[in-house]
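# Structural overview for review
Residues per chain, in single letters:
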Amino acid sequence: MAGDSCKKFSVLNTNPNSITISGAAPDYLMAGVLTSTATWYGNLGSGNISGAMQETAQDAFQGTFSEYQWDPGNFDWSGNYAVLNNNKALLAEAAANNWDFHQGVALVMRAFQFGNIADFWGDAPDSMAISGDQGGAYDFPTFDSQQSIYTRVISDLQAAIPHFQGTMATHPEITSVTQTSDVFYGGDPVQWKKFAYSLLLRYYMRLSSKLNEQANVEAVADSVFQSTADDCMMMFPGKDQPSSYQFCTLYNGASGYNRNKMSGTMTMTLKALQDPRIVIMAEPIINPSIVDTTNAIFPPGYPSIDSTINNIRYINLPVALATNYKQFNLATYTQDRPWEGLNLPVKNLYDTSSVYVGIPISYSNYPDFQYNLNSTGQQATSVNNYVSYLRRDIYDNPSGPLLADRIASYAEICFDLAEAAQKGWNVGGSASTWYYNGIQASFNTWQVFSSYQNDVNNYYGCVKDYNTYIAQPAVAYNGSLQQIITQKWIAAWQACNEAYMDWRRTGYPALTIGYGSYRGAIPVRFTYANSELQNNSANAQVAIDKLTTSPYVGPDGNNSSWSKFWLLQGTNQPW
């Protein structure tokens, strides 16, 4: 009896949250790795990096998002390394079972996670990382160079590809549980192989500003994504907050959704291109605005700057001019509202240009929720009838057919190959062909000329079909890298991480900053968090000392979001 009691006590006191590698099921490890990775990457791409790339804006509590307050501690890599630790267990178990598919997935995801760590932070623990169980020196891992991490990323991707040979039928380790656990491709090794090749292309292009990658790009060009059906993404189940679109009202409240609006950089760019993709991005403003230039509404001497009649807000031009207001113009924005313009003339702006209106980037440090003469704006609610929210019937939902954490896309691949062809590399098509393919892929992804054709037809400010769009002088391929990268930036809607990487290495799209910006430029990296500086200070300092400072670091010292790491050093980009 005593023996039975002790046995039961032992079982009851087994910690279910401390499972050994041999006790972890590879399929469930894989599910955790994929969902955690997609959530982090997706939230970043539709969140803070979307703000950095001026596709969306926040008009309340917007410091990190729209003013570039990237202080130490804003971005911590501990979650990335936690996922890598689980992925290590997945790889070990898959190798022990001789399961090719699972090994391939683990290698790809190790490459993806370490690639992002190098992309955003620079030098980082790699060769000695996730080995704290060995103790000793592993408790304080050295930082591998950014370049060497990229070398390992490429090596992992190359090593993963042979594990995906054949089809699902030739991989007996792929069960129904595997298919459910693989939230990217449902256990299809053919798709995973394309994904691995596509990530190779991504990183070869990433490195092309520093290294000669022509032969490598040409070697993989035929093996990458072939259509939008190949896109790597995780659809939202929408069952709870972690599995839902991150800004939806259901899990964030109305103010949590309302403060996310369109950026004036994106709305003005799409307006100039008569781009129909605006209809799937933005909500039309509730109250259109018109400048009264004829005194038809306001008699001479009328004191108010505006008046609303029949749901239309009219602006009193003489009063607007007298109070230093003018129409928002993206081309003159940095002159109208110069950064730190304390001793310079600073214009206040309104926007009557369209039914889709965005907030200019870093318009002020407080209160952007009153932009466009919104006299009733409040930080608590972010209600603004004169600025475009994200389209509610799409983005104010936990899930939907257009909502996903997108990891990589065919549109991205097309524009990568367009850039490669523009360099003169042999990638199976001309730069113009791949450029147009990328635009078409973006329209297909967002169902612009299928599910939303009626909305396109009803908006006066855009073209109505693909051929008319690409025939416009501003869109027709002119041979420039700027045009390729700008279209790639538009196509990165809600998945802006790669747009950020492209901007850093090319300077395109040509983005400006505003009066309320934290510093005088867009930041180029995440800083090492305080936890790393405290717990592994000596090794972190070695990495910090290798960073190159810029005029924008302010009081940060070397560990600044405006310091350059190896990938940018010597390139004169993006500033």
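Please refer to the structure placed before this passage.
Residues numbered from 1 in each chain as written. Predicted model: local features only at pLDDT ≥ 70, side-chain atom pairs only at ≥ 80, totals over all residues. Heavy atoms only, no water.

What follows covers the side chain of arginine 206. Take arginine 206: it is sitting in helix H9 (residues 189-207). Among the polar contacts made by the side chain of arginine 206, one reaches the side chain of aspartate 119 at a distance of 3.1 Å. Setting aside residues up to four positions removed in sequence, arginine 206 forms contacts with Asp119, Tyr150, Glu498, Met501, Arg505 and Leu567. (Helix = DSSP H or I, 4+ residues; strand = E, 2+ residues; numbered from the N terminus. Polar contact = N/O pair within 3.5 Å; in protein donor to acceptor, adjacent residues only side chain to side chain. Contact = heavy atoms within 4.5 Å.)

Now for helix H17 (residues 410-422). An ideal rise of 1.5 Å per residue puts 18 Å on 13 residues; H17 measures up with 18 Å between its terminal C-alpha atoms. Judged by how many residues are buried, H17 sits mostly within the fold: 12 of 13 residues are covered. Listed as buried for H17 are Tyr410, Ala411, Glu412, Ile413, Cys414, Phe415, Asp416, Leu417, Ala418, Glu419, Ala420 and Ala421. Looking at the packing, one finds that the buried side of H17 touches H9, helix H10 (214-220), strand S9 (404-408), helix H18 (431-445), helix H21 (481-491) and helix H22 (497-506). Glycine 424, located one to two residues past H17, shows a positive phi value of around 95°. (Expected span 1.5 Å × (residues − 1). Buried < 20%, exposed > 50% of the residue type's maximum accessible area, 1.4 Å probe, protein only.)

Right, let's get into the sheet that holds strand S6 (residues 312-316). As summarised here, the arrangement of the 3 strands in space is S4-S6-S5, forming an open sheet in which the pairing is mixed. At either end of the open sheet lies a strand with only one pairing partner, and these are strand S4 (289-292) and strand S5 (306-309). Each strand of the sheet is rotated relative to its neighbour by a mean of 30°, with strand direction disregarded. As defined by bridge partners, S5 adjoins S6 across 4 bridges and the pair is classed as antiparallel. Across the sheet, the residue bridging to threonine 308 is arginine 313, located in S6. (Pairing = 2+ DSSP bridges. Axes fitted to C-alpha atoms, helices over the stretch in contact; angles between N-to-C directions.)

With that settled, the discussion passes to the pattern of salt bridges. Per the counting criterion, the structure on display carries 23 salt bridges. Between aspartate 126 and arginine 152 there is a salt bridge, and its shortest N-O distance comes to 2.7 Å. You can see aspartate 126 sitting in the loop between helix H6 (100-120) and helix H7 (146-160) and its partner arginine 152 sitting in helix H7, a full 26 residues away along the chain. A relative accessible area of 7% means that aspartate 126 is categorised as buried. For arginine 152, a relative accessible area of 25% puts it in the partly exposed group. A salt bridge links aspartate 502 to arginine 505; its shortest N-O distance comes to 3.2 Å. One end of the pair is aspartate 502 and the other is arginine 505, both in helix H22 and 3 residues apart, which spans about a single turn. With a relative accessible area of 2%, aspartate 502 lands in the buried category. On the basis of relative accessibility, which here comes to 8%, the residue arginine 505 falls in the buried class. Through salt bridges with shared partners, a single ionic network connects Asp416, Glu419, Lys423, Lys488, Asp502 and Arg505. (Salt bridge = Lys/Arg side-chain N within 4 Å of Asp/Glu carboxyl O.)

A cis amide bond, omega -5°, links tyrosine 508 with the succeeding residue proline 509. Inspection of the secondary structure puts proline 509 in the loop between H22 and helix H23 (530-535). With omega at -5°, the peptide bond leading from glutamine 573 into proline 574 counts as cis. If you trace the backbone, proline 574 turns up in the segment after helix H24 (537-545). The residue asparagine 372 is not glycine, and still its phi comes out positive at about 65°. Looking at the secondary structure, you find asparagine 372 in the loop between strand S8 (348-350) and helix H16 (392-395). Even without being a glycine, asparagine 572 presents a positive backbone phi close to 60°. Within the secondary structure, asparagine 572 is located in the segment after H24. Exposure remark for asparagine 572: the relative accessible area of 66% places this residue in the exposed category.

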